[in-house]
Structures are given as structure tokens and as C-alpha cells.
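Reading the structure
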Amino acid sequence: MAALVVANFALPSLHLVLWSAIGVLSVAAIVTGVRINRPRRRAPWYLLAGAVASFITGDLIADVLTRVLDRQGFPSVADGFYLAVYVLIAAALVGLIHIGVARRDPNGLYDAVTVTAGLGLLSYIFLIRPYVEDPALSVLEKGISIAYPLADIVVLAVGARLISAARRSPALLLLAAGGIGLLSADVGYGLKQLNGVWETGGPVDLGWAAFYVLWGVAALHPSMRELTEPKVHRAGEEHFGRLLLLGLALFIAPCVLYFEMRNGEVHDANVIAASSALLSGMVLLRLGRAVNVQRRTVQRERRLRRAGAALLMATDEAGVTATVRTAIAELLPLGRPHRVVLAPAAGDGDGVVSMPYTRTLAPALAEELGDFEVTLCCPLAPVEGRESGRALYIAADEVTLVGVQEAAQILATQAALALERIALGEEIGRRNSEAYFRTLVLNTADVILIVGDHDQIRYASPSARALFGSDELDGTPLPMAFAKESLVEVDRRLHELRTRGVDRPGDDLRVVGADGRPALVEATFRDLRGEPTVGGIVVTLRDVTERSRLQAELYQRATFDALTGLPNREVFLGRVQEAVSSGAENGATVGVLIMEVDDFKVVNDTLGHSAGDALLVAVGKRLTEALRSVDGSYGAAGTVARLGGDEFAALVRRAGTAADVERVAEKVLASFAAPFQLPHGDVNATVSIGVATTAEAADAQDLLRHADLAVYVAKDAGKDRWRRYESSLHSAVVERHKLRADLDRAIADGGFLLHFQPIVAIGDGRTHGFEALVRWNHPTRGMVPPAEFISVAEESGLIVPLGAWVLRNAVEAAAQWRLLHPGEDVYVSVNVSVRQFRGREQGFSRWVLQEIDRMGLPPASLLLEMTESLLLHDDGEVAAELAELREAGVRIAIDDFGTGFSSLSYLRRLPVDVLKLDKSFIDTIVSSAEQHAVVDMIVQLSGILQLQIVAEGIETEAERDLLVTMGCHLGQGYLFSRPLSYGDASQWLLEEASGLQRGSQTAA
């Protein structure tokens, strides 16, 4: 193209061919540049190619008309192509302004209009007005002549707008230089035409040649893509050159007016006035724009400060993301669609703000950002030299993103600081937590061992020294750290944990302690080989030697009589039942002897309780010796037990006949002929014996009941004798049957009363609950003691409807108290029987939960009491029901604790919350050091097992004070109140809530 330009001026005769070739090559260069560089939008460049093609077409037509056909070249068809050039150029430049130009600054438009208005005034004076005032031109000729400078003004305005808005690039500068060449040539051509000296091949043609060449080169240069690519706007200050140019443009109109006035006549007053008005308007618009920008800047800063305060309160990444999204929504125009994501920065990012195409991002991120073409990417600023590796992505339309770029960068910096603060806080918390748990591990009494793949100990906590005598256990096989009797168990648990992933604890393990004495440990095995920070099996050992000793001691005290060392009633009952079952299989007779010391009260009253206790111990030994002396003669001697007070029992197993059991009774009675030598002197004591055999009874309960009846007959017969249960005692049985019938009617007729005995804090007397106690006012017998009719109800099964009546009314009373005294958290305690658990098809626990739900009583406000006999005969069904009740919130208590057989074993297996200490323990804690120790032991054990304990039968202040010092907090008894009617119990709560002094309360 450059060579053709030189040839064109050197060979004027070939102007038509050479000039056409220049234009065609310019069009080809633009099209080729579009194909090679592949800009984001091609339409503006094709419009520029069309403008060049239209220009060269007009030149070709004009040259043919003037040079070949020798015709007038103005006006002609060529002028249409020439004017189309400016339309196409203006459209192309407008397209470039609206596509990919990142700086949407209205000031650029105002400045372009200002410069164009100034230059347009000069164009009017020198180019347009001469055509307007020329009388030789027709209207068409005037119109076309005026159209050319007007078109130049439009192109100048659009080009100035593009240059002021776009970033500087080689392609933009080439386009600007080519446009200047075009406009310069047009001005020169216009002036030449006015003076009538225009001819082809002159200096004016250089402007058009520059237009062809430079625009073709601009399209071929790779930077042409940047004109349509999305760009990040960098805020800049106003340049002095730009302001100087605007100032010069503003002075054009005053200068023109001045020179016309100097020449004596103002010819262009109207145009000068319009131009001045337009220039003044542009100045005012620019000032208004500056004020508006300042206002938006203040609003943006206020929103950013608000976002910064919210980020300061954020506690996690989700909170930071939510705050950033809210801030972006406030910064964008209202209702403008957009997406905001905080995500890992692109791997090839250089840490600078960019505006990539959304489709070029990671697929998951692009999907989250939606269908927007471009996305603003603001990498989170490094904090203290550490790269965050994350970026703020905002997807919206391009114009919207340009307006929010600066605010987004500030917000990204604030988000980076917030995330760094959160990360540092988490790190500090993690380190504090690690230090905390490290301190716990190093100072806990439990031993923590980490075992490697070959069962060798890799780590032992410092507490291992106290247990093993050394904490240097590294490399020791784990089984070798235990006593020989535990080696197999340790191997088994390790093998099952490694192969099955479960640990099935067995018995406590044994180790040889630091002082050579054996110690029991409770071991827990956990497979943490998959944890990177552990990578092994963690074995936790807890020394339970003292606990096991206490449990064994308490078990001994709870199942054996503390005074005589003999088994208690529950143990005896269990062994009798075993003997009855065995005898039923082999046909042997089983006998039970119940013995009561005659006139024992006299010994206590005359010699004192210590002498009475000594006598009971001696009686127990003599009974044991007597049974041992007849063992094998009349059957196998079984258990000798103390049932309570001065009542003892003996079991005779595998006797041949009932007569053999009677002979045993005679031998026992004869053994009491010799006096007892006590520290207080010799004491003569006799016993009354009741005998019962399986010839008249089918189970252990019947045997004891028959023997009880027989011992009463023996006492009535004069004491110091034995009596066997016979049919002559049937009248007593008949009486019990009559009592059962009356009980049945009373249940049907509602003949029972419900009284409530307060359960109080024995320290300050504050009421915590009430025990519901059933009372029977018999029409003829009067008030029947519960001890008489409860056993009948238990035997007959009437305990099920009776217990249901008691529980339903107790729950209703407790619910009413909660309504009347909402501030008092008072519970109700109800005794239950084993028959109640098995007497309902839908399940006892489900029925209880339905009742408390019906009355609106919280489950925690109900306490169910059961005797140890219930636990003794538990076959698993009761345990399941208790577990369901306790899971729902109902609390469980063991009544008369310590008088049964298997209290401790059930404490470990059953869900129990409360132990009710039997009155028999309380009666002698003041007078008996042994009993005091037993109660103290039970209270301490309850604390260890985290069980609440309630003392029953507190009658003196001395008993209360001792219980307080032991740590027993709750109790009931006549010292505080006798059982109360519902009305009296309500009054009791009312007085307590009112702070009134309560007197002694008794049941109505």
C-alpha cells in the first residue's frame, strides 16, 4: 500500500488504477485483520471496511466521470457513496464505544461535544457558510456541499468520544491518525473547492492515503482485539493537556466574535450564540457530573463502611460471603441481575483485577455464576505477605461491572482481612484447644496408651508411672504390660478390634501396680489408625481398684446383715426359690424355719441395745452351728438368714419327708437350752419356730408366708416351741381371702384415699416432692394398714388396678399443683409393682407416658419407686420398660434400698436415678456406729454413681443432722410431716410459697 501511494504521486496518469488498488488493499487488510485477530465483536470492523470500500467506490466513480467520460463530477452518484462513508464510520465508532470500552465516563462525551462544538463553529465559518451564501449553487448542490463538513463534525465528535474513553493502544492510535488524515483531507478539499483550485494528486491526497493505509494497518495489528475486549477501568486524574484542549475549545466562539467585530460586521451572531450556549451547557453538565460523582462516592463509601462493620462481626466464611453479597447488591443499581461468589482464585491468575469471560472459568464456578458473558475477578489481597488463594467473582452485564470495579476491589480487600481474622481466630482456638487437651492428657489420672501395628506401645501418658511404676513403656508389647491372668483377654480385645472394628469389654483387667500390688483397671480400646494425628489403637486405662473394693463392700453390706453377717431376706428368698425348684425336679422336700427370739425386747430394755445386738450375733452363730450339726441327718442344711429385727430363718434342702424338717426344728430348739455368754453376762434366750414345707406350699413366697403364720401360732402357744403350718391355720387364710374380696370391692367402688408425704430438703425444709401413699378406710375394720392389704393386692393381682388408680390420681394432683404454683417445681413419687409392668397388653411404660401426657405433666415431675424384689425377679422385660420411661424423662427410684439381694448389680445395669434409704437404716444411725458407717457408705457411693438419695423415716433432729453431715440432701419422715390429704398438701405448698411458718402437719 505504501509503494502504491508513492507510485500514485509519481505516475499521475495511472492515478485511477493505483488509487483504486490502494482502497481495495485497505479493505482487504481490514477483512484479513478481522479474520486473523478474531476480535470479540466483528461488526464495527466490517463497518469500517464498508466505509473504506464506499470511499474508494466514490473515488472510482468520480474519476471515471471526470477523466474517462469528461463529465461534471458534482453532484453525482459518487457523492452518495462519499456521504455513506461518514455514516458507516460513525456507526462503527459508536459500536466500538459501546462494546468492550471499559471506561463508561460521561465526561468523555461532554468533552468530545465541547471540542466538536468549537471546531464545528470554525467549520461553519470557513466551509459551510460560503456554500450557504453562494447564489450560483442549486439547493441540491448546497445541501451536498454542507453535508460534507457536517459529516466531518459528526465523525470528529464520535472519534473524540472513542479516544477519550478507550485505553491507548497501537490500533487505537492508528485509527485516530487515519481519522485525522481523513478529516484533514476533507477540510483541505473543501477549501480548495471554494477557491476553485482543486486537482487530483495534490498534497490533500496524502490525508486520504493515510486514511487508507493506517486503518488497514490498525486492523492487522493484534492490539485491535483490545478495542472490543472487556477491560478493567483504572481510575485516573484529569490530564493537563485534556483540560488545555477543552479551554481552547471554549475560547473559539469568543475569539470568532472578537475578530468579526474588528472587521466591522458580525456575520455569524446566531451561530456564535448557539455555539456559546452549547459550550456553556457542556461546562454545566460537567460540573453537575462532578457533583453527582461526589455524591455517589460518598454513598459508596458509606455502604463500604457499613459492609466493613458487618465483616468485622462475621464469624465464619459463610457470614463473610453473605455480607459481601449484600454489599454488592447495595452498590449495584436496584434490581440489576448479578451473581456473587467467593471461590478459589484461578490457577493462572497473577493477583490483579481482571474481567475474564465467564466461560473461561472453572466449569463449577462458571455454572454458579450463570449465563453472564463476563465476570469481574477481584483476588483477595494478600495479608502480611500471605496469598489468600481466593477471589471475589461478580457476574453481571459489562457496563454494570465497570461501575462497581473500584468498590469491588475495596470490598475484596476487606473480605480478605475478615477471612484472615477468622482464620487466625480459628487457628488460635485450635491451638488453645490443643493446649487444653494436651494439658488434660498430661494431667489426667487415666492412663492413655497408643499401640502400633505390632501391638507395641508407642506412647504412654505421664500417669502411666503411677499405675505401672514407669512411663517408659515405649516398645513394650501391650499384653505384657498386664498381669498374666489378663493376657488372653487383652489379646482377644486387640484381635477383635483389628479384625471386626469393635471392642467387646469383658471383666476388668489386672496389672501389677507400682508397689507390686495388683490393681484392677477398666480398659477402653478405640481404633484410631485412620486418624492422621494418631495412627494407632488408643487404650485408655482407669484404675478401679478402690471402686471395686467399695462396690464389693457395699454389696456385702447390702446383701448380708451388717450385725450378724448372715444373708438378708432377699438372699434367703432367692435360695429358697432355688431349693424349691430343685426339689420339684428330684422329689425332695424343702422346709423353711422362721425363728423369732422370745422376749427380745426385754433384753434391750434391761441390758441395753448393745447387749441385744450381741445376743442377735450369738443367736445367728448358734443357729448356724445347729444346722451344720444336723446336715446330712435329715436333709441338707441350707442358708441361715436374719430377716430383720429378732427374726431369723433357716432353709432345709432335700429332706426326705416333712417329718425330717420337724426333727430339724426340734434340734434347733434344743440348741437354745444352754445360756448365751455375752460380755454383759450370761443370758438365757429361747426362740419360737414356725415350720413350713413344700408339702403345703408351691413356691418360696408361700413357704415363708406359711412359716410366718406358724411362728405366730407358736408364740401364741407359749413361746419356746415350734409349730408347723397345718390346715388348722386355714382360718387365717380364709381371713386373707375375705380381705381380698373386700379389697376387690373397694377398688371397684373407689374406696381408697390418696395421701401425700412431703419429700423435703433436709437442710432447709424446702419441698421437692410428695410420695403418694394409698389408704383404705374399711367400712368395718376402719383404717387398714397398707402392710396388710398391699401384700394381698400383690398376691391377687389387684395391685394392677389399684396401682393404676394411685398413679392416675397422683399425676392429676401433681399437674394441678403445677397450675396453682407455677414457680414450684414439685414432683410426685409413686410406688409400682412388678405385676404392674406385666399387667398391661400395650405396655406399662406406654400407658404411664399417655397418662402424664393427658394431664400435661412433664415426665421429669414423675418418680416411679420400685422395691429390690422387683429387680430380683426381673427377666429383662422390666429393664426394657424402665429404659423407655427414663429415656422419655421419667425418673426411676429404688425403694427400701439396702434391704434387698442384688441392689448393686442392678445399679450398674438398670437406669436408676434415685435411691430411697430404708427407714431401718435411719432408726439406728444415731445409736449404732456400724449403722452410721453403712449409711455413710451408701451416701458416698450414690455420689460416685451420680445418684440422688432420699432418706425415709426421719423422726428426730439428731437423725436429720447426721444425714446432713453425710451429704444426704433429701428426706421424708414425721420430723417434717406426716402424710397429708390432697387439700392439706395444697395448703402446705401455699404456705411455703407465701413464706409462712408451717406447723406440724398430719393427715386428715
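As the structure is a computational prediction, the values presented were derived from the model and not from experiment.

**Concerning empty space enclosed by the protein**
Counting across every chain of the model gives 1 cavity of 30 Å³ or more. When its volume is computed, the largest cavity comes out at roughly 40 Å³. In terms of lining, the largest cavity is formed by Ala746, Ile747, Gly750, Gly751, Phe752, Pro801, Leu802 and Trp805. Taken together, the elements giving at least two residues each to the lining of the largest cavity come down to α23 (730-749) and α25 (799-820). With 3 residues, α25 is the single largest residue contributor to the lining of the largest cavity. Residues belonging to the lining of the largest cavity are distributed by class as follows: 6 nonpolar, 2 polar and no charged.

**Some points on the packing of aromatic side chains**
Taken as a whole and assessed by the stated rule, the structure comprises 14 aromatic pairs. Pairing Trp817 with Tyr982 gives two aromatic rings, centres 5.6 Å apart and planes at 15°, and the pair type is stacked. Placement of the pair is Trp817 in helix α25 and Tyr982 in helix α34 (residues 982-994), with a sequence separation of 165 residues. Relative to Trp847, the ring of Phe844 has its centre 6.1 Å away and its plane inclined at 35°; by these criteria the two rings are tilted. Linking Phe844 with Trp847, this pair stays in helix α27 (residues 844-855), spanning 3 residues, or about one helical turn. Assessed through its relative accessible area of 1%, Phe844 is described here as buried. Among the aromatic residues, those joined into a cluster by ring pairs are Phe55, Phe211, Tyr212 and Trp215. Above the plane of the ring of Tyr357 lies Arg359, whose end atom (NZ or CZ) is 4.5 Å from the centre.

**A short note on the sheet that holds strand β3 (residues 390-396)**
Strand order in this open sheet of 3 strands is β1-β3-β2, and the pairing throughout is antiparallel. The open sheet has two edge strands, β1 (339-344) and β2 (374-379), and neither has a second partner. Neighbouring strand axes in the sheet, compared pairwise and without regard to direction, differ in orientation by 25° on average. Of the pairings in the sheet, the one linking β2 to β3 comprises 6 bridges and is antiparallel in character. Looking at the pairing, Leu376 lines up with Ile394 of β3. In this fold helix α12 (residues 317-331) packs onto β1 and β3, with an angle of close to 145° to the strand it touches most, β1.

**What about the sheet that holds strand β4 (residues 447-451)?**
Note: strands within a sheet are paired through backbone hydrogen bonds, in either parallel or antiparallel orientation. Taken in spatial order, the 5 strands make up an open sheet running β5-β4-β8-β7-β6, and their pairing is antiparallel. Every other strand in the sheet has two partners, leaving β5 (457-460) and β6 (509-512) as the edge strands with one partner each. In this sheet, neighbouring strand axes are inclined to one another by 35° on average, regardless of whether the strands run parallel or antiparallel. Examined bridge by bridge, strand β7 (residues 518-528) and strand β8 (residues 536-543) share 8 bridges and lie antiparallel to one another. Note on β8: the bridge partner recorded for Arg526 is Val538.

**Describing the environment of Val926**
Counting through the fold element by element, Val926 comes out in the loop between α31 (919-922) and α32 (929-944). Val926 gets classed as partly exposed once you look at its relative accessible area, which sits at 47%. Counting along the chain gives 36 residues from Val926 to Leu962, while the straight-line C-alpha distance between them is 7.6 Å. Discounting residues that sit within four places of it in the chain, Val926 has contacts with Ala958, Glu959 and Leu962.

**Re a nonpolar patch on the surface**
Together, Leu250, Phe251, Val283, Leu284 and Leu287 make up an exposed nonpolar region whose accessible area comes to about 470 Å². Considering each element in turn, the nonpolar patch owes the most residues, 3 residues, to helix α11 (residues 269-313). On the basis of relative accessibility, which here comes to 52%, the residue Leu287 falls in the exposed class.

**Some details on unusual backbone geometry**
The residue Arg38 is not glycine, and still its phi comes out positive at about 50°. Although it is not a glycine, Asp599 adopts a positive phi angle of roughly 55°. The topology assignment puts Asp599 in the loop between β9 (589-597) and α19 (600-607).

**So, the pattern of salt bridges**
Here the structure, examined in full by the defined rule, presents 35 salt bridges. Salt-bridge contacts for Asp599 lead to Lys719; the nearest nitrogen and oxygen are separated by 2.7 Å. Here the residue Asp599 occupies a position in the loop between β9 and α19, and Lys719 occupies one in the loop between α22 (700-716) and β15 (722-724), the gap between them amounting to 120 residues. A salt bridge links Arg818 to Asp825, with the nearest nitrogen and oxygen atoms 3.4 Å apart. Overlapping salt bridges, with partners in common, bring together Glu489, Arg492, Glu496 and Arg504 in one network.

**Considering the environment of Ala269**
One can find Ala269 in helix α11. Distance in space between the C-alpha atoms of Ala269 and Ala253 is 9.9 Å, their sequence separation being 16 residues.

**So, helix α20 (residues 609-629)**
With 21 residues, α20 extends 30 Å from end C-alpha to end C-alpha; this agrees with the ideal 30 Å at 1.5 Å per step. Along α20, the positions that sit buried rather than exposed are Ala611, Gly612, Leu615, Leu616, Ala618, Val619, Gly620, Arg622, Leu623, Ala626 and Leu627.

**Brief notes about the nonpolar core**
Counting residues in each nonpolar core, the largest one holds 75 residues, and the members touching the most others are Phe756, Val830, Phe844, Leu862, Leu864 and Leu963. A total of 11 residues in this core trace back to one element, the largest contributor, which is α25. One finds Ile30, Ala92, Leu172 and Trp208 within the second-largest nonpolar core, a separate group that totals 39 residues.

**Some details on the side chain of Asp561**
Looking at the secondary structure, you find Asp561 in the loop between α17 (545-559) and α18 (569-586). Those residues in contact with Asp561 that sit more than four places away from it in its chain are Leu566, Pro567, Asn568 and Arg642.

**Focus: the pairing of β9**
Counted residue by residue, β9 has 9 buried out of 9 residues, so it is predominantly covered. By the bridge criterion, 7 bridges tie β9 to strand β11 (residues 647-655) in an arrangement that is antiparallel. The partner of Glu596 across the bridge, within β11, is Glu647. With 7 bridges joining them, β9 and strand β14 (residues 687-693) adopt antiparallel strand pairing. Bridge pairing in β14 links Val597 to Val687.

Conventions adopted
- Residues numbered from 1 in each chain as written.
- Predicted model: local features only at pLDDT ≥ 70, side-chain atom pairs only at ≥ 80, totals over all residues.
- Heavy atoms only, no water.
- 1 Å grid on protein atoms, 1.4 Å probe; cavity = no way out; pocket = protein on both sides within 12 Å on 5 of 7 lines; lining within 4 Å.
- Points joined across faces, edges and corners; volume = space filled by probe spheres on them.
- Helix = DSSP H or I, 4+ residues; strand = E, 2+ residues; numbered from the N terminus.
- Nonpolar A, V, L, I, M, F, W, Y, C, P; charged D, E, K, R; others polar.
- Phe/Tyr/Trp six-rings, centres within 6.5 Å; stacked < 30°, edge-to-face > 60°.
- Buried < 20%, exposed > 50% of the residue type's maximum accessible area, 1.4 Å probe, protein only.
- Lys NZ or Arg CZ within 6 Å of the ring centre and 35° of its normal.
- Pairing = 2+ DSSP bridges.
- Axes fitted to C-alpha atoms, helices over the stretch in contact; angles between N-to-C directions.
- Contact = heavy atoms within 4.5 Å.
- Patch = residues over 30% accessible without salt bridge, like charges linked within 9 Å, V, L, I, M, F, W, Y side chains within 5 Å.
- Areas by Shrake-Rupley, 256 points an atom, 1.4 Å probe, with all protein chains shown as cover.
- Salt bridge = Lys/Arg side-chain N within 4 Å of Asp/Glu carboxyl O.
- Expected span 1.5 Å × (residues − 1).
- Core = buried A, V, L, I, M, F, W, Y, C linked by side-chain atoms within 4.5 Å.

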